[in-house]
Amino acid sequence: MTCNIRKKFFAELLGTFFLVFFGTGSAVVTLLISDAAGVAGIGPLGGLGDWIAIALAFGLTVMICIYVFGKISGAHLNPAVTIGLLVTKNIDLIDSVYYIVAQVIGACLGSICLFLCLGAPAVTIGGLGATAPGLGVSYMQAMFAEFLGTFFLMMVVMGVAVDKKAEPGFAGISIGMTVAAVIVVLGAFTGASINPARTFGPYLMDMLLGGANLWAYFPIYLIGPIVGAICAAFAYAYLAKDSGVCELPQPFFNDE
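Here is what the cut-offs are and how they apply
- Residues numbered from 1 in each chain as written.
- Predicted model: local features only at pLDDT ≥ 70, side-chain atom pairs only at ≥ 80, totals over all residues.
- Heavy atoms only, no water.
- Helix = DSSP H or I, 4+ residues; strand = E, 2+ residues; numbered from the N terminus.
- Buried < 20%, exposed > 50% of the residue type's maximum accessible area, 1.4 Å probe, protein only.
- 1 Å grid on protein atoms, 1.4 Å probe; cavity = no way out; pocket = protein on both sides within 12 Å on 5 of 7 lines; lining within 4 Å.
- Points joined across faces, edges and corners; volume = space filled by probe spheres on them.
- Nonpolar A, V, L, I, M, F, W, Y, C, P; charged D, E, K, R; others polar.
- Polar contact = N/O pair within 3.5 Å; in protein donor to acceptor, adjacent residues only side chain to side chain.
- Contact = heavy atoms within 4.5 Å.
- Bend = angle between axes of the 7 residues up to and from the residue.

Brief notes about unusual backbone geometry
Phase 1 of the analysis: Positioned with a positive phi, K89 is a non-glycine residue whose angle comes to about 65°.
Phase 2 of the analysis: Along the chain, K89 falls in the loop between α3 (79–87) and α4 (93–118).
Phase 3 of the analysis: We note that I194 has phi near 45°; this positive angle belongs to a residue other than glycine.
Phase 4 of the analysis: Taking the relative accessible area as the measure of exposure, I194 reaches 3% and is therefore buried.

In structure tokens:
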């Protein structure tokens, strides 16, 4: 591993760590407050209010991480985004493997640290913020929702971060607020992961720490986001074909 890829690896690990720690942490804290108030599940602020709060925690964390780590690795923080950029030749295969490994490790560490900070209730009550389909939502409905959410996210990434004509300096806030918007709408249906690493970390740590085993749902949060990101990346490349989409520089967002 070269010095350059080591720095990118560490940046992706740290960024995904913060995403999972603060993002899923907001969901865990909400569930702990609900439990203390005698409310089953998310709802002490009235349901939608809770999802808005959780969405802002995720969105603001993504925004900040893009501005902090973007100049080092591009701050993908999401294997689906990395794969979308890989298939459109905006990142090479070797780097993409390092990125995905770093993202998965960072997500697992984020879940471990959440447990260390909040103790056993983070697992037994909060489930470490693990995602699962909502009541009455079928497997395929959940997968389609994750597909659509990630499709939207990847289109925004391509439009504000990869395209040469993107306005400089807006990638962080645009992508962060996109994540927030998706979570507000899809949170109650699927947990709005739109990120395989964000789901993998809590699933693994839940299983190892005696929590629920939710691995049967993992294909929802693996296939849906990856297919969504790939379709969006190709769709944007087609739309922007004549205007020119840049090959991925480092950082991948345009801040010149």
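Observations concerning the environment of A216
Phase 1 of the analysis: Relative to the assigned elements, A216 resides in the loop between α8 (196–208) and α9 (218–239).
Phase 2 of the analysis: Along the primary structure A216 and A132 are separated by 84 residues, whereas in three dimensions their C-alpha atoms are 9.7 Å apart.

A closer look at empty space enclosed by the protein
Phase 1 of the analysis: In total, this model carries one cavity of 30 Å³ or more according to the counting rule given.
Phase 2 of the analysis: By volume, the largest cavity is sized at about 200 Å³.
Phase 3 of the analysis: Secondary-structure elements contributing two or more residues to the lining of the largest cavity are α2 (48–73), α6 (139–162) and α7 (171–190).
Phase 4 of the analysis: Counted by class, the lining of the largest cavity contains 15 nonpolar, four polar and one charged residues.

What to know about the layout of surface pockets
Phase 1 of the analysis: The computed volume of the largest pocket comes to approximately 430 Å³.
Phase 2 of the analysis: Lining the largest pocket we find 23 residues, and of these L31, G129, A130, T131 and A132 sit closest to its centre.
Phase 3 of the analysis: Within the residue set of the lining of the largest pocket, elements represented by two or more residues are α1 (3–36), α2, α7 and α8.
Phase 4 of the analysis: For the lining of the largest pocket, the per-class residue count stands at 14 nonpolar, seven polar and two charged.

Thoughts on the side chain of T82
Phase 1 of the analysis: With respect to the element layout, T82 can be found in helix α3.
Phase 2 of the analysis: Within the local environment of T82, its side chain forms a polar contact with the side chain of H76, the two groups lying 2.9 Å apart.
Phase 3 of the analysis: A distance of 3.1 Å separates polar atoms of two side chains, one belonging to T82 and the other to Q103.
Phase 4 of the analysis: Leaving out residues up to four positions away in the same chain, T82 has contacts with H76, I91, S96, Y99, I100 and Q103.

Considerations on α7
Phase 1 of the analysis: Helix geometry: α7 is bent most strongly at V184, by close to 45°.
Phase 2 of the analysis: Buried within α7 we find A171, G172, I175, G176, T178, V179, A180, V182, I183, L186, G187 and T190.
Phase 3 of the analysis: Looking at the packing, one finds that the buried side of α7 touches α2, α6 and α9.
Phase 4 of the analysis: Looking one or two residues beyond α7, the residue adopting positive phi is G191, at roughly 90°.

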